[in-house]
Amino acid sequence: MGKTIAIANQKGGVGKTTTAVNLAASMAATKRKILLIDLDPQGNATVGSGVDKYDAPATSYELLIDEKPLPEVIISKTSGKYDLIAANSDVTAVEIKLMECFARELRLRNALAEYKNNYDFIIIDCPPSLNMLTVNAMAAADSVLVPMQCEYYALEGITALKDTIEKLAAVVNPNLRIEGVLRTMYDPRNRLANDVSEQLKKHFGEKVYRTVIPRNVRLAEAPSFGEPVMYYDKTSTGAKAYLALAGEMIRKSEKEKSKQVA
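Residues numbered from 1 in each chain as written. Predicted model: local features only at pLDDT ≥ 70, side-chain atom pairs only at ≥ 80, totals over all residues. Heavy atoms only, no water.

Caption draft 1: Just helix 9 (residues 191-204), in detail. Helix length check: helix 9 (14 residues) gives 20 Å between terminal C-alpha atoms against 20 Å at 1.5 Å per residue, within 8%. Listed in full, the buried residues belonging to helix 9 are Ala193, Val196, Ser197, Leu200 and Phe204. Summarising the axial view, the buried residues of helix 9 lie within an arc of 105°, below the 170-degree limit, and thus occupy one face. In helix 9, the exposed positions that point more than 90 degrees away from the buried face belong to Arg191 and Lys202. Structurally, helix 9 contributes buried residues whose contacts are with strand 5 (143-149), helix 8 (152-171), strand 6 (177-186) and strand 7 (208-214). For helix 9, the side-chain oxygen to backbone nitrogen distance between the N-cap and Leu192 is 2.9 Å, and the N-cap itself is Asn190. Positioned one or two residues after helix 9, Gly205 has a phi angle of 55°, which is positive. (Helix = DSSP H or I, 4+ residues; strand = E, 2+ residues; numbered from the N terminus. Expected span 1.5 Å × (residues − 1). Buried < 20%, exposed > 50% of the residue type's maximum accessible area, 1.4 Å probe, protein only. Arc of directions from axis to C-beta. Contact = heavy atoms within 4.5 Å. Polar contact = N/O pair within 3.5 Å; in protein donor to acceptor, adjacent residues only side chain to side chain.)

What follows is the structure in structure tokens.
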């Protein structure tokens, strides 16, 4: 069974797209079959995958509105060696078009249903807001990965996101849960970062990943070259951190599967 993970945070600038692209590439490097779905009209995950968002043959618009079959909208040649469903400014119109659709919050789930088990992991990069695209991602996902900076306002934001996930679970996806909380742009020399990190552990316990993503220049540079950081500079601390995160998530997923079988 493939696993679908939405990467979401209503707060922008927390490393959401950076995590989506680099986690997908790191998992693909372990010989897993990965699909990355870009649902953000900014198309940053598309650009970070080495694809010209304005020249993409199809996007998540065609998947959700035109109801094209999944194989027809997939771009298989990406710099991260994973499959991609691209996004660009056309996806902005999805929000309006979905209002006319029957079962509009389930369009992505229905589109993935037949193909979900073709992949080990499907990763969805959500917009930084709670709109119909994010609701579609949550309805289609098994779980939500929450990237966040260790700062005061982030704590308030994650409480709001947790409430949102619980409400959506009650309405569109009863199996939805938090996959994990990922500390991004982490600076261990910062006292506030350490304090917030401790509060996160108290609040979320084992849901907080052991892996932390440090502030790293290479992580910031890689998207402008259209590459995940592991192909831009595999020796960087950012590349090593995302490989560690991929390993941690894969081990956790395999542990869960073995429990289900038992």
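Let's pick the thread back up.
Caption draft 2: The arrangement of the environment of Leu182 in detail. Turning to its location among the elements, Leu182 is positioned in strand 6. Residue class for Leu182 comes out buried when judged on its relative accessible area of 0%. Considered as a pair, Leu182 and Pro228 are 46 residues apart in the sequence and their alpha carbons are 18 Å apart. Not counting residues up to four positions away in its chain, the partners in contact with Leu182 are Thr19, Leu145, Val146, Pro147, Met148, Tyr209, Thr211, Ile213, Tyr242 and Leu245.

Caption draft 3: Looking closely at the packing of helix 1 (residues 16-28) against helix 12 (residues 237-261). The geometry of helix 1 relative to helix 12 is characterised by a closest axis approach of 8 Å and an angle of 70° between their N-to-C directions. In this view, helix 1 runs roughly perpendicular relative to helix 12, as classed from their interaxial angle. Judged by the twist between their axes, the crossing of helix 1 over helix 12 is right-handed. Here Thr18, Thr19, Asn22, Leu23, Ser26 and Met27 of helix 1 come into contact with helix 12, specifically with Tyr242, Leu243, Leu245, Ala246, Met249 and Ile250. Grouping the amino acids of the contact of helix 1 with helix 12 by side-chain chemistry returns 8 nonpolar, 4 polar and no charged. (Axes fitted to C-alpha atoms, helices over the stretch in contact; angles between N-to-C directions. Parallel < 35°, antiparallel > 145°, perpendicular 65-115°, else oblique. Left-handed = near helix turned anticlockwise from the far one by under 90°. Nonpolar A, V, L, I, M, F, W, Y, C, P; charged D, E, K, R; others polar.)

Caption draft 4: Structural view of the sheet that holds strand 3 (residues 83-85). An order of 3-2-4-1-5-6-7 is seen for the 7 strands of this open sheet, with the pairing classed as parallel. Of all the strands in the sheet, just strand 3 and strand 7 have a single pairing partner and so form its edges. Between one strand axis and the next, the sheet turns through 25° on average, direction left out of account. Pairing of strand 2 (residues 34-38) with strand 4 (residues 121-125), which is carried by 5 bridges, proceeds in the parallel orientation. Among the inter-strand pairings, Leu35 is bridged to a residue of strand 4, identified as Ile122. Lying over the sheet, helix 9 contacts strand 5, strand 6 and strand 7, oriented at roughly 170° with respect to strand 6. Each of strand 1 (3-7), strand 4, strand 5, strand 6 and strand 7 touches helix 12; the most contacted strand, strand 7, lies at about 165° to it. (Pairing = 2+ DSSP bridges.)

Caption draft 5: Representation of unusual backbone geometry in the model. One non-glycine residue, Glu67, lies in the positive phi region at around 55°. Locating Glu67 in the fold gives a position in the loop between helix 3 (60-64) and helix 4 (70-73). The phi dihedral of Ala103 falls on the positive side, at around 50°, and the residue is not glycine.

Caption draft 6: Fine view of helix 7 (residues 132-140). Among the 9 residues of helix 7, 9 are classified as buried, and the element is accordingly described as predominantly covered. Every buried residue of helix 7 is accounted for by Met132, Leu133, Thr134, Val135, Asn136, Ala137, Met138, Ala139 and Ala140. Where helix 7 begins, the capping side chain belongs to Asn131, and its oxygen is found 3.1 Å from the backbone nitrogen of Leu133.

Caption draft 7: Up close: the packing of aromatic side chains. Considering all chains together, one arrives at 1 aromatic pair under this definition. Pairing Phe225 with Tyr232 gives two aromatic rings, centres 4.9 Å apart and planes at 25°, and the pair type is stacked. With a relative accessible area of 24%, Tyr232 lands in the partly exposed category. Positioned over the ring face of Tyr231 is Lys81, at 4.4 Å from the centre of the ring. (Phe/Tyr/Trp six-rings, centres within 6.5 Å; stacked < 30°, edge-to-face > 60°. Lys NZ or Arg CZ within 6 Å of the ring centre and 35° of its normal.)

Caption draft 8: Representation of a positive patch on the surface in the model. Where like charges cluster on the molecular surface, the positive patch consists of Arg210, Arg251, Lys255 and Lys259. Per element, the largest residue contribution to the positive patch is 3 residues, and it comes from helix 12. Within the element layout of this structure, Lys259 appears in helix 12. Classification of Lys259 by relative accessible area gives exposed; the value is 62%. (Patch = residues over 30% accessible without salt bridge, like charges linked within 9 Å, V, L, I, M, F, W, Y side chains within 5 Å. Areas by Shrake-Rupley, 256 points an atom, 1.4 Å probe, with all protein chains shown as cover. Salt bridge = Lys/Arg side-chain N within 4 Å of Asp/Glu carboxyl O. Lys, Arg positive; Asp, Glu negative; His and termini not counted. Charge placed at Lys NZ, Arg CZ, Asp CG, Glu CD.)

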